[in-house]
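# Descriptive structure summary
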Amino acid sequence: MTIDATMVGREYAAAGSYQVGREKIREFADAIGDGNPAYRGDDAIAPPTFAFVIGSRALEQLLNDAELGLRLDRIVHGAQKFAYTRPIKAGDEIAATATITTVRKAGPVEVIMYETTLTTVAGEPIATATSTLSHNRADA
Amino acid sequence: MIEAGFELSPLTVTFRREDLVRYAGASGDFNPIHWSDRMAEALGLPGVIVHGMFTMASAVRVVTDWIDDPADLVEYGVRFTKPVVVPDDDKGASVTFSAKVEKVTDGLAEIDITAVAGEEKVLGRARAVVRVR
């Protein structure tokens, strides 16, 4: 029930693939208040940060790893970066895999970096997301 | 011709509690710090805060509103330096995003984005890289 540097390299694949729907893209674009026409219609692409929505399904597996003992309500998102090979499009079927890349501890706070790759189920690369999370194990 | 120093049109976004609820639903991020004052305060936060990913999504609109095709975004990263606290009222919290082209090389433009709420910067090292045609 703790996390340390020996966990670097652990991989977590999202359960099943994510089928990108144009209505989901529109819903997300509406939620962020972005009226860009590129995010609407039959040929819709997803807003850039939608990659995180798909990647978070792999993060869910990481959070469910009982050996790490992480709790969502103790996590603060510290940093996020994306490198895009191409935009996510309506109709894509996407697989997400998260890999722990760095673990740093400062008292009760654990800083965890992980990298998530998004590819189509056929293996075409789409994006890589790099995330930094701070997990606080101490009660406030 | 895009050159270093070019300033993009700024954008002010207001985040209200209802916007956070809508973002939670659309993104699937139901972390209670984004909807429960009780849970946010238990974690030492001053109150409910905007999802970092929601702030990040809003910031890049300055860039994607400017380029013809959002598909030309090749890289985008931020640090979440300061939480944006959203009071439970109709006014919400406003953040102003501005951006400037830092350099243009090999068909790529690097754009630095600034996000300010009140007097404080809420994002650090916010940078987008776009293909220029």
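All values reported here derive from a predicted model rather than from experimental measurement. Counting from 1, residues in each chain are numbered in the order their sequence is written. Numbering of ligands from 1 and lettering of chains from A proceed in the order in which they are written. The predicted origin of the model limits local features to residues at a pLDDT of at least 70 and limits the giving and counting of side-chain atom pairs to 80 or more, whereas totals for whole chains, interfaces and linings rest on all residues. Hydrogens and water are ignored here; the side-chain numbers use all heavy atoms of the structure.

### Observations concerning the UniProt feature "domain: FAS1-like dehydratase" (unreviewed entry) in chain A
- UniProt positions are given in the numbering used here, feature names are shortened, and annotations may be inferred rather than shown by experiment. Per the UniProt record, "domain: FAS1-like dehydratase" (unreviewed entry) is annotated on residues 7-128 of chain A.
- The helix count covers DSSP runs of H or I at least four residues long, the strand count covers runs of E at least two residues long, and both are numbered beginning at the N terminus. Span residues 7-128 of chain A is 20% helix and 37% strand, its end C-alpha atoms 20 Å apart.

### Points about the UniProt feature "domain: MaoC-like" (unreviewed entry) in chain B
- UniProt records the feature "domain: MaoC-like" (unreviewed entry) at residues 10-98 of chain B, using the numbering of this structure.
- Each end of residues 10-98 of chain B is marked by a C-alpha atom, and these two atoms are 4 Å apart; helix forms 33% of the span and strand 22%.

### Digging into the interface of chain B and chain A
- We call two residues contacting when some pair of their heavy atoms lies within 4.5 Å. Every contact between the two is made by 31 residues of chain B and, on the other side, 29 residues of chain A.
- When two parts are put together, the accessible area they lose, computed with a 1.4 Å probe and summed over both, is reported as buried area. With both chains or domains summed, chain B and chain A bury close to 2,600 Å², and 63% of this area falls on carbon and sulfur atoms.
- Area buried by chain B at its contact with chain A is led by Ala 26, Leu 43 and Met 53 of chain B, which between them contribute 20% of it.
- The rule for a salt bridge is simple: a side-chain nitrogen of Lys or Arg has to be within 4 Å of a carboxyl oxygen of Asp or Glu. For the pair chain B and chain A, the number of links is one salt bridge.
- With a shortest N-O distance of 3.6 Å, Glu 75 of chain B and Lys 81 of chain A are connected by a salt bridge.
- Definition of a polar contact: a pair of N or O atoms within 3.5 Å, with one able to donate and the other able to accept a hydrogen when the atoms are protein atoms, and with sequence-neighbouring residues admitted only if both atoms are side-chain atoms. Summed over the shared surface of chain B and chain A, the result is eight residue pairs in polar contact (both at pLDDT 80 or more).

### Quick word on the pairing of strand E5 (residues 109-120) of chain A
All names here are of chain A.
- Strands are treated as partners if at least two bridges between them are detected by DSSP. The sheet contact formed by strand E4 (residues 93-106) and E5 spans twelve bridges and is antiparallel. Paired with Lys 105 across the strands is Glu 110, a residue of E5.
- Taking the residues between adjacent antiparallel strands as the criterion, E4 and E5 are bridged by two residues, where Gly 107 takes a positive phi near 60°.
- Here eleven bridges tie E5 to strand E6 (residues 125-136), and the two strands are oriented antiparallel to one another. For Leu 118, the partnering residue across the bridge sits in E6 and is Ala 127.
- Between E5 and E6, which follow one another and run antiparallel, lie four residues, and Gly 123 among them has a positive phi close to 100°.

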